[in-house]
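An overview of the molecular structure
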Amino acid sequence: MWLCVAVAIVDTNNPAELPDGVEKVSIHSIIDHHKLCGLKTNAPLEMDVRSLCSTGSILYARAKAAGRTPPPVVAGLMLSCILSDSLAFRSPTTTALDRELAEELARISGLDMMQHADAMLDAKADIAHLVRLGRLSAHFSWPASLLSLTCLPFRVRTRPQSPEDVVMMDSK
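An account of the accompanying structure is given in this report.

What counts and how
- Residues numbered from 1 in each chain as written.
- Predicted model: local features only at pLDDT ≥ 70, side-chain atom pairs only at ≥ 80, totals over all residues.
- Heavy atoms only, no water.
- Patch = residues over 30% accessible without salt bridge, like charges linked within 9 Å, V, L, I, M, F, W, Y side chains within 5 Å.
- Areas by Shrake-Rupley, 256 points an atom, 1.4 Å probe, with all protein chains shown as cover.
- Salt bridge = Lys/Arg side-chain N within 4 Å of Asp/Glu carboxyl O.
- Helix = DSSP H or I, 4+ residues; strand = E, 2+ residues; numbered from the N terminus.
- Expected span 1.5 Å × (residues − 1).
- Buried < 20%, exposed > 50% of the residue type's maximum accessible area, 1.4 Å probe, protein only.
- Contact = heavy atoms within 4.5 Å.
- Phe/Tyr/Trp six-rings, centres within 6.5 Å; stacked < 30°, edge-to-face > 60°.
- Lys NZ or Arg CZ within 6 Å of the ring centre and 35° of its normal.
- Core = buried A, V, L, I, M, F, W, Y, C linked by side-chain atoms within 4.5 Å.
- Axes fitted to C-alpha atoms, helices over the stretch in contact; angles between N-to-C directions.
- Left-handed = near helix turned anticlockwise from the far one by under 90°.
- Nonpolar A, V, L, I, M, F, W, Y, C, P; charged D, E, K, R; others polar.
- Pairing = 2+ DSSP bridges.

What follows concerns a nonpolar patch on the surface. On the surface, Leu 36, Met 47 and Val 49 cluster together into a nonpolar patch covering about 280 Å² of accessible area. When you line up the elements, Leu 36 lands in the loop between strand E2 (26-32) and strand E3 (46-49).

Now the structure itself:
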């Protein structure tokens, strides 16, 4: 049951990724970095969709444009978004602006950016606690029903070392 009157959608605009019932509330705004996926709304709304690597970059750019500086904890969370989405700047979708904004957020948060990125990627690569099917589903975003019907050869590297590794993962 929804108790809110309006929602802001962040980091997706794909109706399949949104909670059930979202069509019953007013969508105030969408902030995203993905391609448009056919979300329908009942009224005009504010949209900020940019070709950056991370919604974290967009959120921080919006805060800067409004003359606001996030508190260190929030800056650290925004930095984490950028580092995760860019795979510590190894993703081919990373832009110079993503890197520039991440450097600013690292200063604000007081985090060593690359040390933080390494710790995040190490934590993300530690999948020992997941069951076998869950590992595949989480890594590839495939539903379990598809995995049970499909047997594909693939190579999984959960912690890419270079941009070539990212391309390899996306193409498999």
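With 14 residues, helix H3 (residues 96-109) should cover 20 Å at 1.5 Å per step; its first-to-last C-alpha distance of 20 Å lies within 8% of that length. Where H3 is concerned, the buried positions are Asp 98, Leu 101, Ala 102, Glu 104, Leu 105, Ala 106 and Ser 109. Looking at the buried residues of H3, the elements they touch are helix H1 (55-65), helix H2 (72-85) and helix H4 (113-125). Backbone geometry just after H3 places Gly 110 at a positive phi near 80 degrees.

Our next topic: the packing of aromatic side chains. This structure, assessed with the given rule, holds zero aromatic pairs. Above the ring of Phe 89, the side-chain terminus of Arg 99 is found at 4.2 Å from the ring centroid.

Once that is clear, we can look at the nonpolar core. Formed by 17 residues in total, the largest nonpolar core has its most connected members in Leu 79, Leu 83, Phe 89, Ala 102, Leu 105 and Met 113. Of all elements in the fold, only H1, H2, H3 and H4 reach the threshold of two or more residues within this core. The element best represented in this core is H2, accounting for five residues. Setting aside its immediate chain neighbours within four residues, Phe 89 contacts Ile 82, Leu 83, Thr 94, Asp 98, Arg 99, Ala 102, Met 113 and Met 114.

Here we come to the pattern of salt bridges. Applying the stated criterion to the full structure yields four salt bridges. A salt bridge links Glu 46 to Arg 62, with the shortest nitrogen-to-oxygen separation between them at 2.7 Å. With Glu 46 in strand E3 and Arg 62 in helix H1, the pair connects residues that are 16 residues apart, well separated along the chain. On the accessibility criterion, Glu 46 (36% relative accessible area) is partly exposed. With relative accessibility at 27%, the residue Arg 62 sits in the partly exposed group. Of the charged contacts, one joins Arg 62 and Asp 48 as a salt bridge, the two residues approaching to 3.0 Å between their closest N and O atoms. Taken together, the positions of Arg 62 in helix H1 and Asp 48 in strand E3 put the pair 14 residues apart, joining distant regions of the chain. The exposure class of Asp 48 is buried, given its relative accessible area of 9%. The network of salt bridges with shared partners includes Glu 46, Asp 48, Arg 50 and Arg 62.

In this section: the packing of H2 against H4. A pair of packed helices is captured by two measures, namely the crossing angle of their axes and the spacing between those axes. Relative orientation of the contacting elements H2 and H4 amounts to 65 degrees, with a least axis distance of 10 Å. For the crossing formed where H2 meets H4, the hand is right-handed. Mapping the contact onto sequence places Gly 76, Leu 79, Ser 80, Leu 83 and Ser 84 in H2 and Met 113, His 116, Ala 117, Met 120 and Lys 124 in H4. When the residues that make up the contact of H2 with H4 are grouped by side-chain class, the tally is five nonpolar, four polar and one charged.

Adjacent strands of a sheet form backbone hydrogen bonds with each other and so pair up, either parallel or antiparallel. Taking strand neighbours across the sheet as the criterion, the three strands line up as E1-E2-E3 in an open arrangement whose pairing is parallel. Each edge of the open sheet carries a strand with a single partner, namely strand E1 (6-10) and E3. For this sheet, the mean angle separating the axes of adjacent strands, direction not counted, is 15 degrees. Inspection of the sheet shows E1 paired to E2 by five bridges, in the parallel sense. Looking at E2, one finds that Ala 6 is bridged to Ser 26. Across the sheet, H1 is in contact with E1, E2 and E3; its angle to E2 comes to roughly 105 degrees.

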